[in-house]
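A look at the structure
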Amino acid sequence: MSMLKKVLYLTTTLALIAGGTGCNLRSVATSVPSRVFREVHGLRVRSYQMTPVANDLRQYKAIEIHKLNNLMLDEIPAQSVEQLNVGIVKQIRSLNHFDHIAVIDGANAAQEQQADQPGDENTVTVLQPTLVLEGYIDDFTPGIPKLRYIEKGNNHAILTVRIMLKDKLTAQVLGQMNITVENTRITSNVERMVGKSAEEVARYVRRNSTRLNETKGAHANVQK
Amino acid sequence: MSKNKVTKRIKPILFLLTALVFSARAASARQSPSGQLQQAAAEHGAGVAVARWENRGPLKRYKGENGILSAKTLLLGGEFRVTTVMPFKGNLAEYHHLEITKPISLVGKALTPEVASRQVAKFKSQFESRRLFETVAIIDAYDPATASQRQHPSSADAPSAKSDDVDRAESLDAPIQSFDDLIAHDKRRALAEGAGQQPAADKTLVVVIEVLDYAKGSRLKQALPLDLAKSILTVRFRFYDKSTGEEIGRQVISGQSDGSSLLGPLSPRDGLSGVADGFIDQVTRRVAASEK
């Protein structure tokens, strides 16, 4: 009787192990396509046009870039905020569209002006139409990499910024955009996501300042 | 096996099942707030309706939800994450009224008024079913600046002048007064104490909702193994004390459903379900902690 019990116990254990392994193998096998797809397309952008650009912004050859207003407070690391602000400036400089670029820190706007062009910057900005770029950091999470390995839970990294283009003289909002960058890659890191956000901000500025914007159909760009 | 033997075996099983059903119903009546209210109403007779919505008794046993990974999210999906940007200040149990503003869209026209109304209606209905507050109302908008402006002049001038008068009249150096004056002083003191307690009992929590990210998603595309068309909703909740206009907490809650749960794209849950669960859970666990 005891021998029979032992055999039964062993068989059940083996069956459970085999079943569990089979299920795991199956789930791994079926998740391969989505994992591969995610590695390629895992860095996604969703952008929403809040105020469509209606004016011709090609006349603006000077831009003032304000540091983003951080609404996430301590929930976003200081180095990520710095990377984002520096990245936006770098990307806009690389557009080679603006003759004059000034970077302004929100805390002490007067002192922190750093102009690209030598000379009297204040005179330059007053004389020519100047675009002001400012915005907010609305959402940030670094995600949970360990959960991304097992493809479970709400695990992805997210950064949401809201960007505004204004006319410096009139303070009129010329355009406003919400940009969310999501990273679902297993190999993802926050730096890459922040860099992508800076690229997207610069792309928005380029798109609107270098050509006449077609407001029709420019409401949202949700990648599905 | 003869018929008698079969009936003999079935009888105890039936009895056991019936007993189980009765005990389960009794237990659920004990646990659920609605059950308790029904019991209370029955005790007070059919004529006495339970007018107050609030019932925080069951909160003593409340355990918070894990929105990122739990049995519920594995089975049905609709997981959520909560980022507390500004930790809650003060005692949330003091608030007995809740006002939820209509969602402010920070995603342009992606959030239609119908979807916004559906979201706020879901929050309201879930709070009502949980009976955390006496009243739950939906308001169009809330401006904390006007509330603080309203509050400061009144709080700075009137009460201090009144309390000075009371202090002077009740000081030991004050002349002895008549019996009528003493009664009048007692009444004034009682009124002042009442006025001090009234706001605490009638405190209103205002929640301002800002939608940061929204994608409706597609169940058809979720069925493909390509990680497409997730249902996503990310909302920033700002919690205000209505009377002072002070922001007492700020959270970002994001819900999503991507068809990766056991039910897959057939799951009834979406991004909104996750956000609603997260929102209700966060408020409930703070009220519960304050009640304890």
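Let us now look at the overall build of chain A. Looking only at helices and strands, chain A has five helices and nine strands in total. Going residue by residue from the N terminus, the α and β elements of chain A occur as α-β-β-β-α-β-β-α-β-α-β-β-α-β. The proportion of buried residues among the 224 residues of chain A is 35%. The contacts of chain A with a sequence gap of at least 6 include a subset with a gap of at least 24, amounting to 73%.

This next bit is on the overall build of chain B. Per the secondary structure count, chain B includes eight helices and seven strands. Buried positions account for 30% of the 292 residues belonging to chain B. Within chain B, contacts between residues separated by at least 24 positions form 71% of all contacts whose residues are at least 6 apart in sequence.

Counting from both sides, the interface comprises 30 residues of chain A and, opposite them, 31 residues of chain B. Looking at the side of chain A that touches chain B, the elements that each hand over two or more residues are helix H1 (2-41), strand S1 (43-51), strand S6 (130-141), strand S7 (157-167), strand S8 (173-183) and strand S9 (220-222) of chain A. Among the elements that take part in the side of chain A that touches chain B, H1(A) stands out by supplying five residues, more than any other. Taken together, the residues of the side of chain A that touches chain B sort by class into ten nonpolar, eleven polar and nine charged.

Residues and elements named next belong to chain A. With respect to the secondary-structure elements, Glu64 resides in strand S2 (residues 62-66). For the pair Glu64 and Val89, spaced 25 residues apart in the sequence, the C-alpha separation amounts to 9.8 Å. Excluding residues that lie within four positions of it along the chain, Glu64 makes contacts with Ala102, Ile104, Thr130, Val132, Leu133 and Lys168.

Here we take up the packing of helix H4 (residues 113-130) of chain B against helix H8 (residues 271-291) of chain B. Residue and element names in this part refer to chain B. At a minimum axis distance of 10 Å, the contact between H4 and H8 shows a crossing angle of 40°. Classified by the interaxial angle, the pair formed by H4 and H8 is oblique. Seen from above, H4 lies across H8 with right-handed handedness. Where H4 approaches H8, its residues Gln119, Lys122, Phe123, Gln126, Phe127 and Arg130 are matched on the opposing element by Leu272, Ala276, Phe279, Ile280 and Thr284. Tallied by class, residues from the contact of H4 with H8 come to six nonpolar, three polar and two charged.

Turning our attention to H8(B). In an α-helix, one turn spans 3.6 residues, which is why side chains three or four residues apart end up on the same side. With 21 residues, H8(B) should reach 30 Å at 1.5 Å per residue; the first-to-last C-alpha distance of 30 Å fits that figure. The element H8(B) is extensively covered by neighbouring structure, given that 16 of its 21 residues are classed as buried.

A separate point is the packing of helix H2 (residues 78-93) of chain A against helix H5 (residues 190-209) of chain A. All names here are of chain A. Running from N to C, H2 and H5 cross one another at 35°; their axes reach a closest spacing of 8 Å. The chirality of how H2 crosses H5 is right-handed. Every residue of H5 that contacts H2 at Ser80, Gln83, Leu84, Gly87, Ile88, Gln91 and Ile92 is listed here: Val190, Glu191, Val194, Gly195, Ser197, Ala198, Glu199, Val201, Ala202 and Val205. Here the contact of H2 with H5 is built from residues that sort into nine nonpolar, six polar and two charged.

Turning next to unusual backbone geometry. All names here are of chain A. Although it is not a glycine, Leu73 sits at a positive phi angle of roughly 50°. Mapped onto the fold, Leu73 is located in the loop between strand S3 (69-70) and H2. For Leu73, a count of 11 C-beta atoms within 10 Å corresponds to the exposed category. With phi around 60°, Ala171 is a residue other than glycine that occupies positive phi space. The topology assignment puts Ala171 in the loop between S7 and S8. Residue Ala171 is classed as exposed on the basis of its 8 C-beta neighbours within 10 Å.

Before going further, it helps to spend a moment on the environment of Gln251(B). All names here are of chain B. One can find Gln251 in strand S7 (residues 247-257). Distance in space between the C-alpha atoms of Gln251 and Ile232 is 17 Å, their sequence separation being 19 residues. Once residues lying within four places of it in the same chain are set aside, the contact partners of Gln251 are Val82, Thr83, Thr84, Val85, Phe237 and Gln282.

Let us now look at H5(A). Residues and elements named next belong to chain A. With 20 residues, H5 extends 29 Å from end C-alpha to end C-alpha; this agrees with the ideal 28 Å at 1.5 Å per step. Along H5, the positions that sit buried rather than exposed are Met193, Val194, Ser197, Ala198, Glu200, Val201, Ala202, Val205, Asn208 and Ser209. Looking at the buried residues of H5, the elements they touch are S1, H2, S6, S7 and S8.

Turning next to the confidence of the model for chain B. All names here are of chain B. Residues with a pLDDT of 70 or more make up 68% of chain B, whose mean pLDDT is 75. Predicted confidence is poor over residues 22-51, with pLDDT under 50, and the contacts of this stretch with residues over four places away or in other chains come to 14 contacts. The low-confidence segment residues 155-164, where pLDDT is below 50, has one contact with residues more than four positions distant or belonging to other chains. Two summary scores accompany this predicted model of the complex, namely pTM at 0.71 and ipTM at 0.75.

Right, let's talk about the pairing of S7(B) for a bit. Residue and element names in this part refer to chain B. Within S7, nine of the eleven residues are buried, which leaves it mostly tucked inside the rest of the structure. Bridge analysis of strand S1 (residues 79-86) against S7 gives seven bridges, and the strand direction is antiparallel. Pairing of Thr83 across the sheet is with Val252, part of S7. Pairing between strand S6 (residues 231-241) and S7: ten bridges, direction antiparallel. Bridged to Phe237 within S7 is Gln251. The hairpin turn running from S6 into S7, its antiparallel successor, is five residues long, and Gly245 in that turn takes a positive phi close to 80°.

Rules used throughout
Residues numbered from 1 in each chain as written. Chains lettered and ligands numbered in written order. Predicted model: local features only at pLDDT ≥ 70, side-chain atom pairs only at ≥ 80, totals over all residues. Helix = DSSP H or I, 4+ residues; strand = E, 2+ residues; numbered from the N terminus. Buried ≥ 20, exposed ≤ 12 C-beta atoms within 10 Å, placed from the backbone. Contact = placed C-beta atoms within 7 Å. Nonpolar A, V, L, I, M, F, W, Y, C, P; charged D, E, K, R; others polar. Axes fitted to C-alpha atoms, helices over the stretch in contact; angles between N-to-C directions. Parallel < 35°, antiparallel > 145°, perpendicular 65-115°, else oblique. Left-handed = near helix turned anticlockwise from the far one by under 90°. Expected span 1.5 Å × (residues − 1). pLDDT = per-residue confidence, 0-100. Pairing = 2+ DSSP bridges.

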